[in-house]
Protein chains: 2
Amino acid sequence: MTSAAGAVSSSLWHKLIPVQIYGANTGSGKTVVSTILGTAFKSKFPYWRINYLKPVSTGPEIEADHSYVHRYTGITTKCLFEFKLPVSPHIAARDCFNIPPTDQEVLHEVSAALLEYSQAVPKEPRRYGVVLIETAGGVLSPGPFGTLQADLYRPLRLPVVLVGDHRLGGIAATISAYESLTLRGYDVEAILLFESGQLGNADYLTKYFRFRKVPVFELPKFPDSGDRSEVRLNLLHYYETVSQSDSISRLIIHLVSRQSRRIKDIEGMASRADSAIWHPFTQHKDRDKSSILTFDSAYGDFFQAYSPAKWKAPTHLELSLGGEDMKTRKVAISAVPTPVLEPTFDGSASWWTQGLGHGNPDLSLAAAYAAGRYGHVMFAGAVHQPALSLAERLLLGFKNPRLKKVFFSDNGSTGIEVGIKMALKASSVRYGWESSSTDIGIIGLKGSYHGDTIGAMDASEPSVYNKKVEWYRGRGYWFDYPQVKMRKGNWYVEPPAGMEAEFGPAQYYHSLDAVFDLKSRNASKYEQYIEGMLNWLIKFKGKKFGALVMEPVLLGAGGMIFVDPLFQRALVDVVRKSKLFAPPASSITSASSTADGSSLEWSGLPVVFDEVFTGLYRLGRFSSASFLQVHPDITVNAKLLTGGLLPLCTTIASQSIFDAFLSDDKTDALLHGHSYTAHAMGCHVANVSLEKMQEMERRNAWAKFIMRWRTMHATVVYPKFPWSMWSQKTVKLISQVSNVDSVITLGSVLAITLRDESGAGYTSNAANELRDKLLEGSQTYGWSVHSRVLGNILYLMTSLTTDRDTLLQLEEFLLRSVVEVHRESLSPKEVARRLFRKQRRLENKQKAKEAKRIAEERKRTTDEEEADG
Amino acid sequence: MTSAAGAVSSSLWHKLIPVQIYGANTGSGKTVVSTILGTAFKSKFPYWRINYLKPVSTGPEIEADHSYVHRYTGITTKCLFEFKLPVSPHIAARDCFNIPPTDQEVLHEVSAALLEYSQAVPKEPRRYGVVLIETAGGVLSPGPFGTLQADLYRPLRLPVVLVGDHRLGGIAATISAYESLTLRGYDVEAILLFESGQLGNADYLTKYFRFRKVPVFELPKFPDSGDRSEVRLNLLHYYETVSQSDSISRLIIHLVSRQSRRIKDIEGMASRADSAIWHPFTQHKDRDKSSILTFDSAYGDFFQAYSPAKWKAPTHLELSLGGEDMKTRKVAISAVPTPVLEPTFDGSASWWTQGLGHGNPDLSLAAAYAAGRYGHVMFAGAVHQPALSLAERLLLGFKNPRLKKVFFSDNGSTGIEVGIKMALKASSVRYGWESSSTDIGIIGLKGSYHGDTIGAMDASEPSVYNKKVEWYRGRGYWFDYPQVKMRKGNWYVEPPAGMEAEFGPAQYYHSLDAVFDLKSRNASKYEQYIEGMLNWLIKFKGKKFGALVMEPVLLGAGGMIFVDPLFQRALVDVVRKSKLFAPPASSITSASSTADGSSLEWSGLPVVFDEVFTGLYRLGRFSSASFLQVHPDITVNAKLLTGGLLPLCTTIASQSIFDAFLSDDKTDALLHGHSYTAHAMGCHVANVSLEKMQEMERRNAWAKFIMRWRTMHATVVYPKFPWSMWSQKTVKLISQVSNVDSVITLGSVLAITLRDESGAGYTSNAANELRDKLLEGSQTYGWSVHSRVLGNILYLMTSLTTDRDTLLQLEEFLLRSVVEVHRESLSPKEVARRLFRKQRRLENKQKAKEAKRIAEERKRTTDEEEADG
């Protein structure tokens with residue numbers, strides 16, 4: 001079984017020094033440089049193991065680079081994929097094979113070769129292995145499958161030696177190549193180039209890169225061919241001389257010391273972080289500093305992580321897979337030195353932000369473009385194209401005729417404060433309250449969480465998150481409500497304990513689809529309860545409310561609570577219709593209305609949806625409001641807004657909310673605005689990200705996931721039913737493990753509530769064992785899973801581009817881990833039986849579809865259509 | 001007088017279509033493409049005016065590109081700078097001249113040529129001018145002065161046609177060149193390249209760029225030279241055929257329609273923004289939508305702005321400068337069609353954020369690198385190198401031995417909330433208060449502003465900014481204090497009206513330096529007042545205070561109030577020493593201490609400095625706390641932290657604050673953390689920015705500004721005294737205009753308080769006339785100034801890289817504008833006398849230093865040392 005995309009093995013070992021040689025241009029001399037480096041390493045460190053690897057070669061074998069390097073250096077050389085045609089690999093490969101090797105195949109072959117080299121390193125101290133990896137063509141030449149080379153190899157993120165171009169135009173070519181590597185997150189460790197005489201390339205580049213801290217090394221001119229018989233002698237002499245030169249000696253030492261410095265840095269970071277950094281949401285007293293993970297980089301769904309707690313000195317690790325009859329790696333491995341970094345699945349989607357994968361080069365370039373075109377430009381009284389396009393795109397995307405005006409801020413918390421300010425002002429104006437002398441609360445749901453700033457905190461009921469914050473004052477009333485849960489493979493809507501009288505008993509539903517079939521369900525019990533409670537609060541307790549604020553469908557930080565959508569729908573309906581909020585007739589301005597005659601004016605109370613977590617495809621849809629079939633008056637979005645790259649938030653309001661701020665007095669305006677309001681970089685990245693996500697929806701990119709959630713009883717047609725990236729089967733299996741209380745899933749989210757006899761909630765540690773198990777990792781796949789827990793709840797979240805292979809493996813690993821930490825019932829035998837039946841099924845399926853997948857991937861790569869490439 | 005750096009004339013006219021032709025590589029065929037385009041435009045639009053411009057040419061004249069293009073197209077061609085040596089312009093220019101033409105000279109020649117072309121456009125409707133501007137070498141080949149060509153021409157941001165490379169390796173070269181242009185904010189409108197046979201470059205690039213929305217056009221192979229007599233005929237035939245081809249026809253139409261689309265977009269944006277966007281701090285009722293500025297791009301200190309209110313249809317504008325005997329432009333201009341965009345000085349430093357200039361390519365690349373390497377990665381329980389480096393850099397930079405722990409958030413407002421949470425918790429723990437049941441306030445200063453979220457608002461006293469916000473409750477006490485002001489050329493420290501008894505009468509100071517000489521000044525009056533007031537509040541009113549929160553030296557949004565530093569110092573001293581806050585002895589943990597024995601433990605109350613606006617060189621120093629010679633326990637930084645590119649904030653605390661959160665209960669932790677906490681992009685850009693700013697300080701980059709503030713009585717040695725980017729002379733002159741109440745300046749900030757008989761404050765409109773005058777612009781320099789007002793106060797702010805020429809012009813324009821809007825006294829004659837005396841002096845100085853400046857700039861550019869390149 002091949003590893004998942006992005007989940008390549010680490011490429012960093014203590015004793016192996018890899019150097020990837022990229023050329024600023026074809027013909028800039030990569031092979032000559034490899035030969036020089038090979039000779040130099042060999043002569044300087046005769047007891048080291050020096051290797052040369054050419055992953056992909058084109059052209060006749062006799063002229064192949066690895067043969068040449070071997071001829072002049074004597075070091076062991078290897079080529080992984082050879083194509084005879086002397087053209088770019090993507091042409092040559094198509095000429096040779098029906099299906100050229102995929103990126104994953106190339107990557108894994110390189111990865112396996114590196115692993116092999118790392119094992120062959122001399123055991124003695126101070127003896128190292130070196131591997132020179134020569135790429136083909138220029139930095140961005142296409143690989144065999146058509147992916148740009150620098151993208152293809154990016155998951156390995158090897159240290160780069162860039163061979164600059166010494167010819168006319170070479171300054172431009174070298175700097176551009178450097179920029180292309182840099183914006184993909186590579187570290188260029190050195191630039192080498194040949195003497196260029198009066199062109200002065202090396203002089204210029206040396207100065208240019210001095211201030212970018214990249215050393216430039218000039219090489220003597222490569223000898224002219226001369227008389228054929230002398231060629232070899234000339235060359236031998238050249239390599240001999242150059243490799244012994246001061247300049248190359250310095251380079252060699254530089255490369256070796258950079259590697260050791262890099263590892264030392266990585267190993268020291270947890271401890272330095274422990275000293276300099278105050279981590280968010282962290283009790284530092286408990287915290288062992290060795291538990292701090294160091295992320296060296298990230299790509300796709302995976303971090304490259306160093307964990308001081310996990311890492312052990314190089315030792316013999318058994319990588320074969322016990323008696324479970326699973327395939328082993330292609331490379332037979334008996335003893336492996338531990339790599340420094342481990343691919344680790346980003347199971348919290350980096351606090352629910354990730355949509356299009358880490359290190360996405362399109363988003364990097366988009367960010368750079370906006371920075372280059374604008375930097376940040378003033379937004380008060382002004383506009384720029386990225387902000388305007390984003391506003392228009394969102395207004396269109398929400399398909400909510402109420403929403404008209406987009407306000408920008410920096411994160412979910414600030415955006416919620418803006419939404420609350422908007423709503424309370426609208427209510428105050430309509431109901432004639434004195435702004436700051438009346439205690440106005442909001443209506444919400446128990447377990448809500450809207451952010452960390454005081455105004456956002458005040459919108460949640462007292463809880464562990466806020467009870468110790470000096471300035472927190474919960475302002476409002478928060479309703480109880482029934483929840484959706486899967487228990488033992490079945491979906492239920494359950495009332496809170498002791499509230500069966502109000503909400504009725506737990507109801508079984510044959511599918512998630514049926515839970516969301518709001519038209520077929522009866523809301524009258526809910527509506528009566530809500531109306532009654534509001535009546536009591538307003539009439540008898542004298543409370544004033546200015547807004548209804550809630551997260552549609554899923555309450556995130558509150559514990560991934562899946563609220564019965566019918567209850568939320570009923571709450572909105574009651575608040576909008578109830579006579580409790582009826583205004584003096586005169587104060588309502590003439591209502592605008594939609595084509596179907598429904599009013600766009602807010603009524604009762606402004607309805608604010610906090611879609612920071614749930615919006616923009618986190619739950620599989622552009623807007624999570626659509627699950628409730630409700631049009632809020634105000635909606636707040638952040639997190640996925642920029643595809644997971646940088647902070648940005650929008651609060652979008654209806655015209656009637658906006659109008660409440662219009663006045664002849666300038667202090668009646670919404671006097672809110674952060675310095676970086678609508679920063680061009682965030683807005684442009686958001687446009688590019690949303691376009692990619694919307695495009696994925698249009699071309700049905702999640703069809704494979706969606707289809708697995710189709711039910712016989714579906715009341716809506718494909719793909720309108722609720723679905724999840726996680727397979728229904730896995731979710732059901734997990735819910736059947738005995739220490740699992742319940743499971744929920746929707747879109748990319750999966751949350752497992754574990755039983756905790758000592759009480760649930762944020763302070764519970766019940767999920768920690770499972771979290772630790774996942775972080776320990778799977779030897780089968782060679783990667784681990786980083787996840788977050790909320791008390792007794794462990795949740796996992798994919799990005800929108802997580803591929804099915806990764807997910808298959810992840811589900812299997814998760815299921816296995818859940819079972820391993822389970823405490824009673826379900827005999828190990830039974831567990832194994834279920835698991836392996838499932839696994840065999842998955843394997844068979846996968847085999848059958850492998851050819852199809854490759855064909856599809858080929859199409860995908862060549863078409864360049866995908867966001868997850 | 002040449003225009004300021006970045007302030008080049010606009011390059012966008014209704015009827016002139018400029019196309020800048022860049023090559024992916026030397027020899028990719030730019031000149032052939034120019035010839036094809038010239039021929040095609042000419043034959044398709046015989047009544048248009050088609051021009052060709054080669055700004056910089058190297059090599060023998062006979063082979064020059066413009067001669068060639070003229071020979072084969074017959075269109076008018078021009079070359080601005082010709083060098084004989086056939087090498088890169090930076091080498092060729094050095095060979096020809098003692099001092100090669102500077103970037104500004106090249107830019108202004110191109111600009112002037114464009115202006116000339118724009119005037120020569122046929123007057124008839126539907127007849128346009130076209131100018132093809134061919135660059136030299138590759139995209140990043142150095143210009144004559146050594147600056148990379150794409151950086152050199154960036155202020156013009158002309159639409160680009162990129163000539164791709166059709167040779168082996170050309171895919172890589174073309175995409176890299178595209179990326180280098182894109183990260184500098186260029187729009188690549190089309191890519192052209194020659195047939196490349198089996199290499200398949202055009203096929204690949206067409207697909208690759210389809211999803212980036214850049215059309216790719218393939219050109220037939222360029223004919224082989226063949227027999228000499230046939231060359232010309234062959235070529236004529238080639239150009240004839242190719243320029244008539246479908247592909248080139250489509251390209252021509254594409255370029256024309258892109259230009260008209262671009263202008264239409266720009267013209268329509270204010271109106272679309274009015275419809276879709278809710279602007280920050282804006283009363284929309286008053287607002288005429290034509291007042292919304294559209295920023296098409298920005299570079300250095302200048303926006304390229306379109307103002308619907310200002311823009312008039314092309315007409316005859318007099319550009320000569322009246323009778324004031326000033327130099328006119330090199331190009332004689334009598335009538336000019338109005339350009340669509342106008343360079344506009346970013347006078348609010350885009351809400352106080354800008355440090356290193358808009359569109360800084362180093363920051364763009366830094367942002368892209370972090371995005372490419374990490375994207376955003378989870379920060380709870382983890383660390384990455386950019387965040388750690390930034391934390392360590394800040395801890396080092398503040399030179400405050402108390403500060404030990406760095407907490408990250410997204411903006412000043414959230415960072416202040418974090419700081420307040422930290423401080424209040426520390427006080428609650430020490431003084432044994434029940435967290436949320438005690439009303440704990442903060443001590444601050446009247447006129448403070450700490451942000452827009454509720455917690456940050458609550459830290460300010462009731463004011464226009466918050467009085468209408470429903471959830472605002474000012475929590476604390478805010479002191480009155482004396483202010484520093486310049487009146488009629490002299491510095492004073494003035495008590496608030498009616499408080500002479502408490503603070504003594506207004507004091508004259510011979511220099512700003514003397515105001516800051518805290519050791520020589522007597523604080524006892526202040527200390528008595530503060531102690532008395534606190535005693536009354538605590539003992540008699542029963543108030544509880546948990547923190548002292550203030551902006552050191554300058555209160556920004558409160559109206560650029562320059563607080564007497566001695567008062568702030570006294571406030572800290574009293575709060576730290578007063579027995580009013582003495583804790584139960586047992587609750588203080590053993591205090592750590594510095595080498596000199598002073599305690600690092602907080603005492604009295606935690607001191608929180610809001611340096612969001614004042615820190616990181618805004619006032620000329622890394623930390624504005626150093627003006628008070630005080631070490632706060634908590635400090636908050638944002639705005640300039642990323643050099644002005646994207647939102648990021650740090651709240652840095654002492655160990656003793658941090659320790660207050662340590663407990664066996666996880667809910668005692670600081671439960672705060674935004675999704676994008678310590679996002680890699682922000683942290684890395686901050687590292688690069690701070691390094692540049694610190695480097696500027698080390699190499700004394702502001703020496704010219706600083707020297708002008710040296711006084712005879714200086715009590716501290718250069719450059720320790722307070723200084724400003726704004727010249728002392730100008731500041732004094734402005735303060736002498738009769739409708740100016742007072743002026744303050746420090747670092748990059750200048751604020752002018754205008755008299756308003758109907759009352760001062762945020763609701764005043766007194767400064768609007770001056771603001772409008774500045775925005776109207778200077779015909780002398782061809783640019784205008786965007787500024788912000790706070791009621792009757794107009795402020796201006798430079799970046800840290802604003803050059804002296806720009807500032808000279810800006811100061812003159814400002815002074816002239818202040819005088820023009822003044823209402824009484826100071827006869828126009830007197831004003832003119834002063835102004836022109838000043839101006840002559842400035843001009844003479846400038847002439848004398850011109851040679852020196854050029855020599856320095858040469859050094860600067862070649863050394864690539866500067867942040868402001």
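Residues numbered from 1 in each chain as written. Chains lettered and ligands numbered in written order. Predicted model: local features only at pLDDT ≥ 70, side-chain atom pairs only at ≥ 80, totals over all residues.

Side note on the overall build of chain A
Defined as follows: Helix and strand labels come from DSSP, where a helix needs a run of H or I of at least four residues and a strand needs a run of E of at least two; each type is numbered from the N terminus. Between the buried cut of 20 or more and the exposed cut of 12 or fewer other C-beta atoms within 10 Å of a residue's own C-beta lies the partly exposed class, and all C-beta atoms are placed from the backbone. Our contact criterion uses C-beta atoms placed from the backbone: two residues qualify when those atoms are within 7 Å.
A tally of regular secondary structure across chain A gives 25 helices and 28 strands. Here chain A, with 869 residues, has 57% of them falling under the buried criterion. In chain A, the share of contacts with a sequence separation of at least 24, taken over all contacts with a separation of at least 6, comes to 74%.

Thoughts on the relation of the copies chain B and chain A
There are two copies of the chain, and a rotation about an axis plus a shift along that axis relates them. So the rule is basically this: Copies are brought into register by a least-squares superposition over C-alpha atoms of residues with pLDDT of at least 70 in both.
With an RMSD of 0.1 Å, chain B superimposes on chain A once it is rotated by 180 degrees and translated 0.0 Å along the axis. The two molecules are tied by a two-fold rotation axis, judged by turn and shift. Here 100% of the contact residues of chain B are again contact residues in chain A; the copies associate through an equivalent surface.

Remarks on the packing of helix α23 (residues 768-776) of chain A against helix α24 (residues 804-820) of chain A
Residue and element names in this part refer to chain A. For clarity, the cut-off: Helix axes use the C-alpha atoms of the stretch in contact, all axes being lines fitted to C-alpha atoms, and the angles between their N-to-C directions lie in the range 0 to 180 degrees. Between 65 and 115 degrees an angle is taken as roughly perpendicular, under 35 as roughly parallel, over 145 as roughly antiparallel, and anywhere else as oblique. Working rule for handedness: look at the near helix, and if it is turned counterclockwise from the far one by less than a right angle, call the crossing left-handed; if clockwise, right-handed. Each residue is assigned to one class: nonpolar for Ala, Val, Leu, Ile, Met, Phe, Trp, Tyr, Cys and Pro, charged for Asp, Glu, Lys and Arg, and polar for all the others, Gly among them.
As a packed pair, α23 and α24 sit with axes 10 Å apart at the nearest point and diverge in direction by 135 degrees. On the basis of their axis angle, the class for α23 and α24 is oblique. Between α23 and α24 the crossing geometry is right-handed. Contacts from L770, K773 and L774 in α23 reach S817, V818 and E820 in α24. Classifying every residue of the contact of α23 with α24 by side-chain character gives 3 nonpolar, 1 polar and 2 charged.

A closer look at the pairing of strand β15 (residues 483-487) of chain B
On a regular strand, each side chain points to the face opposite its neighbour's, so the side chains alternate between the two faces of the sheet. The test is simple: At least two DSSP bridges between two strands are needed for those strands to be called paired.
Burial analysis of β15(B) places 4 of its 5 residues in the buried class, which makes it a mostly covered element. The loop that links β15(B) with its antiparallel partner strand β16 (residues 490-494) of chain B comprises 2 residues; one of these, K488(B), has a positive phi angle of about 45 degrees.

Here we look at the sheet that holds strand β14 (residues 476-479) of chain B
Backbone hydrogen bonds hold the strands of a sheet together, and the pairing may be parallel or antiparallel. Residue and element names in this part refer to chain B. An order of β12-β23-β22-β21-β18-β13-β14 is seen for the 7 strands of this open sheet, with the pairing classed as mixed. The strands lining the two open edges of the sheet, one partner per strand, are β12 (403-409) and β14. When strand polarity is set aside, the average angle formed by the axes of neighbouring strands in this sheet is 20 degrees. With 4 bridges connecting them, strand β13 (residues 440-445) and β14 associate as parallel partners. Bridge assignment links I442 to a residue of β14, and that residue is G476. Contacting β13, β14, β18 (544-550) and β21 (607-610), helix α18 (residues 565-577) crosses the sheet at an angle of about 150 degrees to β18.

Description of the interface of chain B and chain A
Taken together, the contact between chain B and chain A spans 152 residues of the former and 152 residues of the latter. With 10 residues, helix α11 (residues 361-373) of chain B is the single largest residue contributor to the side of chain B that touches chain A. Split into classes, the residues belonging to the side of chain B that touches chain A amount to 70 nonpolar, 56 polar and 26 charged. One ladder, built from 2 bridges, connects strand β8 (residues 293-299) of chain A with strand β11 (residues 382-383) of chain B; its direction is parallel. Along β11(B), the bridge assignment pairs L293(A) with A382(B).

So, the environment of E82(A)
Residues and elements named next belong to chain A. Considering the arrangement of structural elements, one finds E82 in strand β3 (residues 76-83). Note: C-alpha distance between E82 and P60 (22 residues apart in sequence) is 8.8 Å. Filtering out sequence-adjacent residues up to four positions away, E82 remains in contact with S57, E61 and A64.

Some remarks on α18(B)
Put simply, the test is: Expected span of a helix, by definition, is 1.5 Å for each gap between consecutive residues, and there is one gap fewer than residues.
Across its 13 residues, α18(B) extends 18 Å between first and last C-alpha, which sits within 8% of the 18 Å expected from 1.5 Å per residue. Counting buried positions along α18(B) yields 10 of 13 residues, so the element is predominantly enclosed.

A word on the pairing of strand β10 (residues 342-346) of chain B
All names here are of chain B. Burial runs high along β10: 5 of the 5 residues are buried. Relative to β10, strand β9 (residues 302-306) runs antiparallel, the two being bridged by 4 bridges. Bridge pairing in β10 places A305 opposite E342. Sheet analysis places β10 next to strand β26 (residues 784-786), joined by 3 bridges and oriented parallel. Considered in β26, the bridge of D346 is made with H786.

A short note on helix α13 (residues 412-431) of chain A
Residue and element names in this part refer to chain A. Under the 1.5 Å per step criterion, the end-to-end length of α13 is 28 Å for 20 residues, consistent within 8% with the ideal 28 Å. For α13, the buried fraction is high: 18 of the 20 residues fall into the buried class. Directly beyond the C-terminal end of α13, a positive phi value near 70 degrees is found at G432.

Concerning the packing of helix α6 (residues 170-182) of chain A against helix α6 (residues 170-182) of chain B
In a packed pair of helices, the relevant descriptors are the angle between the two axes and the axis-to-axis distance. Direction vectors running N to C along α6(A) and α6(B) enclose 75 degrees, while the axes themselves pass 8 Å from each other. Regarding the angle of α6(A) to α6(B), the classification is roughly perpendicular. Within the contact between the two elements, α6(A) uses A173(A), S176(A), A177(A), E179(A) and S180(A) and α6(B) uses A173(B), S176(B), A177(B), E179(B) and S180(B). Split into classes, the residues belonging to the contact of α6(A) with α6(B) amount to 4 nonpolar, 4 polar and 2 charged.

Some thoughts on the sheet that holds strand β7 (residues 216-219) of chain A
Residue and element names in this part refer to chain A. Pairing is parallel in the open sheet, where 7 strands are placed in the order β3-β2-β4-β1-β5-β6-β7. This sheet does not close on itself; its edge strands, each paired only once, are β3 and β7. Direction aside, neighbouring strands of the sheet carry axes that sit 20 degrees apart on average. Here 4 bridges tie strand β1 (residues 16-23) to strand β5 (residues 160-163), and the two strands are oriented parallel to one another. Along β5, the bridge assignment pairs I21 with V161. Packed onto the sheet, helix α2 (residues 65-73) meets β2 (49-58), β3 and β4 (129-138) and runs at close to 155 degrees relative to β2.

Quick look at the environment of M707(B)
Here M707(B) shows up in helix α22 (residues 703-707). Measuring from C-alpha to C-alpha, the distance between M707(B) and P144(B) comes to 32 Å, with 563 residues separating the pair along the chain.

Overview of unusual backbone geometry
Residue and element names in this part refer to chain A. Phi is positive for K639, which is not a glycine, with a value near 40 degrees. Residue placement: K639 occurs in the loop between β22 (634-637) and β23 (649-654). The phi dihedral of A678 is positive, around 55 degrees, even though this residue is not glycine. Along the chain, A678 falls in the loop between α19 (655-659) and α20 (680-698).

With respect to the confidence of the model for chain A
Residue and element names in this part refer to chain A. Applied cut-off: Confidence scores labelled pLDDT are given residue by residue by the predictor and lie between 0 and 100.
Averaged over chain A, the pLDDT score is 88; the fraction of residues at 70 or greater is 87%. When the criterion is pLDDT under 50, residues 313-336 qualifies, and its contacts beyond four places in sequence or with other chains add up to 24 contacts. A low-confidence stretch, residues 865-869 stays under pLDDT 50, and its non-local contacts, those more than four residues away or across chains, total 14 contacts. For this predicted complex, the interface score ipTM comes out at 0.93, while the overall pTM is 0.92.

Comments concerning the environment of T174(A)
Residue and element names in this part refer to chain A. Within the secondary structure, T174 sits in helix α6. Residues T174 and Q629, 455 residues apart in the sequence, show an inter-C-alpha distance of 55 Å. When residues no more than four places from it in sequence are discounted, the contact partners of T174 are A24, G164, D165, I191, L193 and L205.

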